[in-house]
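# Close look at the chain arrangement
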Amino acid sequence: MADQQARTGGDERPTGIPVIRWEEPPEGPVLVLLDQTRLPAEEVELVCTDASALVEAIRSLAVRGAPLLGIAGAYGVALAAARGFDVAEAARALEEARPTAVNLSVGVRRAQDAHQAELARTGDPTAAAVAALAAARALHQEDAEASARMAAHGLALLDELLPGGGHRVLTHCNSGSLVSGGEGTAFAVALAAHREGRLRRLWVDETRPLLQGARLTAYEAARTGMAYTLLTDNAAGSLFAAGDVDAVLIGADRIAADGSVANKVGSYPLAVLARYHHVPFIVVAPVTTVDPGTPDGASIEVEQRPGFEVTEVAAPHVPVTGAGGGIPVAPLGTQAYNPAFDVTPPELVTAIVTEEGVVSPVTAEALAELCARARGAALG
């Protein structure tokens, strides 16, 4: 089960938002999440006492973002092990919670492998649970370090492509500290530019589903003092036409072996606009988001979200009549097409920025070489 606890603190809270943490109260270990569905109106924590509560938090987008899902998945396995639940069953449920984000399965398998290896070595469930938790904590720390390296590589690339600073960057969805063990992926690059005085404006797409740009990226930009402007997704074209976008920075939930990029729905149209207007389209993601087992974009399973996220709007403290708990904005019975992601082909991607370096042009061979280099660094 999961309990919700209100959290206060306001703007004095540090920028490094505690989106996820492991705690061990007397009644047993828990995983504490910042409930991202409640932002920016209120900061509320969700306390997960078992893997099933975490699965629900993942499906509802209370916890989200590719790198953070990997971390959460690893902690979920550790939680199941520590509380004596069936670890294999918990791992399966966690992996299936959101099919497009490959980091989730990477994190789950890493903690599960550590658990199984220690169990086989010692036969001690307690030692195996400790090993699973150690694997989750290691992944959490590695992601924070990867975030810092991606920001440095991304800023260097921006300065190379756009000498002189004054960058006007368009971003889509949310890719900051809310999705990461550190300061994020694409947002971390923009934040690095801001700190160096080289960011003139961050254009923030509102982003379906659940307006994650409006609610979350704007929230993070405001807290860090960035100059930002919110726009509807379908207003981006007019910005390009006016010459007001210097670069597009997005994250990714899965990158196929050929360089196809699955990201929040609306990313692909931005790539088309960027190509037409000769604007760099840059993807920032950790190496764990690259999935060599997915050959191309057509092989990526795209999650379909409930239709009521389109046919209704959420309005706290207002009487609701919709099936999803919101105010209807379409006639009763209206069918809605609501994919969570779309796929951008590699030929529209200027560069993929990872903690191990930059891939440009984006090709299967270059990605494979980067992944091999990352594996070598991990083994070394």
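Because the structure is predicted, anything quoted here is derived from the model rather than measured.

## Let's talk about the packing of helix α1 (residues 51-59) against helix α3 (residues 87-95)
- Running from N to C, α1 and α3 cross one another at 5 degrees; their axes reach a closest spacing of 9 Å. Comparing the axis directions of α1 and α3 gives the class roughly parallel. Touching Ala51, Leu54, Val55 and Ile58 of α1 are Ala90, Ala93 and Leu94, all from α3.
- Tallied by class, the residues present in the contact of α1 with α3 amount to seven nonpolar, no polar and no charged.

## Points about the sheet that holds strand β7 (residues 228-231)
- Spatially, β7-β6-β5-β8-β11-β16-β17 is the arrangement adopted by the seven strands of the open sheet, whose pairing is mixed. Two strands in the sheet have a free side with no partner beyond their single neighbour: β7 and β17 (357-359). Ignoring which end each strand starts from, the neighbouring axes of this sheet average 25 degrees apart.
- Alignment of strand β5 (residues 167-171) against strand β6 (residues 199-205), held across five bridges, turns out to be parallel. Across the sheet, the residue bridging to Arg168 is Arg201, located in β6.
- The sheet strands contacting helix α5 (residues 125-161) are β5, β8 (247-250), β11 (281-284), β16 (351-354) and β17, and the helix crosses β16 at an angle near 145 degrees.
- Each of β5, β6, β8 and β11 touches helix α6 (residues 186-195); the most contacted strand, β6, lies at about 155 degrees to it.

## Notes on empty space enclosed by the protein
- Overall, the coordinates contain two cavities of 30 Å³ or more when judged by the stated rule.
- What the largest cavity holds in volume is close to 140 Å³.
- Elements represented by at least two residues in the lining of the largest cavity include exactly α2 (66-82) and β10 (261-264).

## Focus: the pairing of β16
- Where burial is concerned, the two faces of β16 agree: the one with Ala351 and Val353 and the one with Ile352 and Thr354 are both buried.
- Of the pairings in the sheet, the one linking β11 to β16 comprises three bridges and is parallel in character. Among the inter-strand pairings, Val283 is bridged to a residue of β16, identified as Ile352.
- With three bridges joining them, β16 and β17 adopt antiparallel strand pairing. Looking at β17, one finds that Val353 is bridged to Val358.
- In textbook terms, the turn of a hairpin is the stretch between consecutive antiparallel strands, and for β16 and β17 this stretch comprises two residues.

## A look at the sheet that holds strand β15 (residues 341-344)
- Taking strand neighbours across the sheet as the criterion, the four strands line up as β12-β9-β10-β15 in an open arrangement whose pairing is mixed. At either margin of the open sheet sits one strand with a lone partner, and together these are β12 (290-291) and β15.
- Two strands pair when backbone bridges link them, and strand β9 (residues 254-256) and β10 are joined in this way by two bridges, in the antiparallel orientation. Paired with Arg254 across the bridge in β10 is Ala262.
- On the sheet, helix α9 (residues 267-276) packs against β10 and β15 and is oriented at approximately 35 degrees with respect to β15.

## Quick notes on unusual backbone geometry
- The omega torsion of the bond from Leu39 to Pro40 falls at 0 degrees, within 30 degrees of zero and hence cis.
- Within the secondary structure, Pro40 is located in the loop between β3 (30-34) and β4 (43-48).
- Here Arg208 and Pro209 are connected by a cis peptide whose omega angle stands at -10 degrees.
- On the secondary structure map, Pro209 appears in the loop between β6 and α7 (212-223).
- Backbone geometry places His278, a non-glycine residue, at a positive phi of 60 degrees.
- Summarising the element assignment, His278 is placed in the loop between α9 and β11.
- For His278, a relative accessible area of 73% translates into the label exposed.

## So, the side chain of Asp205
- For Asp205, the location among the structural elements is in strand β6.
- Despite its burial, Asp205 pairs with no opposite charge, the nearest such side chain being Arg208 at 12 Å.
- Side chain to side chain, Asp205 and His172 meet in a polar contact 2.9 Å long.

## Quick look at the environment of Ser60
- Structurally, Ser60 can be placed in the loop between α1 and α2.
- C-alpha of Ser60 to C-alpha of Val284: the two residues are 224 residues apart in sequence and 24 Å apart in space.
- In this structure, Ser60 is in contact with Thr37, Leu210 and Arg305, ignoring residues within four places of it in sequence.

## Things to note about the side chain of Glu309
- Relative to the assigned elements, Glu309 resides in helix α10 (residues 308-311).
- Given a relative accessible area of 9%, Glu309 falls into the buried group.
- Excluding residues that lie within four positions of it along the chain, Glu309 makes contacts with Arg208, Pro209, Leu210 and Asn338.

## So, the confidence of the model for the chain
- Averaged over the chain, the pLDDT score is 92; the fraction of residues at 70 or greater is 92%.
- Note on residues 1-16: pLDDT is under 50 here. Beyond four places in sequence and across chains, it has 36 contacts.

## Focus on the environment of Ile352
- With respect to the helices and strands, Ile352 occurs in strand β16.
- Classification of Ile352 as buried rests on a relative accessible area of 0%.
- Non-local contacts of Ile352, meaning those with residues more than four positions away in its chain, are made with Ile255, Gly259, Val261, Val283, Gly357, Val358, Val359, Val362 and Leu367.

Conventions we followed
For every chain, the first residue of the written sequence is number 1, and numbering continues from 1 along that sequence. Totals for whole chains, interfaces and linings use every residue, but because this is a predicted model, local features are given only for residues with pLDDT of at least 70 and side-chain atom pairs only at 80 or more, for both listing and counting. Water and hydrogen atoms play no part in the side-chain values, which are based on all heavy atoms of the structure. In this analysis an axis means a line fitted to C-alpha atoms, helices contributing only their contacting stretch, and an angle means the value between N-to-C directions, from 0 to 180 degrees. Only DSSP runs of H or I covering at least 4 residues are called helices, and only runs of E covering at least 2 are called strands; the numbering of each starts at the N terminus. In these notes the angle categories are as follows: under 35 degrees is roughly parallel, over 145 is roughly antiparallel, 65 to 115 is roughly perpendicular, and the rest is oblique. In what follows, a contact means two residues having at least one pair of non-hydrogen atoms within 4.5 Å. Nonpolar residues are Ala, Val, Leu, Ile, Met, Phe, Trp, Tyr, Cys and Pro. Charged residues are Asp, Glu, Lys and Arg, and all others, Gly as well, are polar. Here, a strand pair is defined by DSSP locating no fewer than two bridges between the strands. Every definition here rests on a 1 Å grid over the protein atoms only: cavities are sets of points where a 1.4 Å probe fits but cannot get out, pockets are open sets enclosed by protein on both sides within 12 Å along at least five of seven lines, and lining residues have some atom within 4 Å of a point. Grid points are joined across faces, edges and corners, and a volume is the space filled by probe spheres set on the points. Between buried and exposed lies partly exposed: a residue is buried under 20% and exposed over 50% of the maximum accessible area for its type, with that area taken using a 1.4 Å probe on protein chains only. Positive charge is attributed to Lys and Arg, negative charge to Asp and Glu, and no charge count is given to His or to the chain ends. The salt bridge criterion pairs a side-chain nitrogen of Lys or Arg with a carboxyl oxygen of Asp or Glu, the two atoms within 4 Å. Think of a polar contact as two N or O atoms within 3.5 Å of one another; within protein, one of them needs to be a possible hydrogen donor and the other a possible acceptor, and neighboring residues in sequence only count if both atoms come from side chains. You can read pLDDT as the predictor saying how much it trusts each residue, on a scale of 0 to 100.

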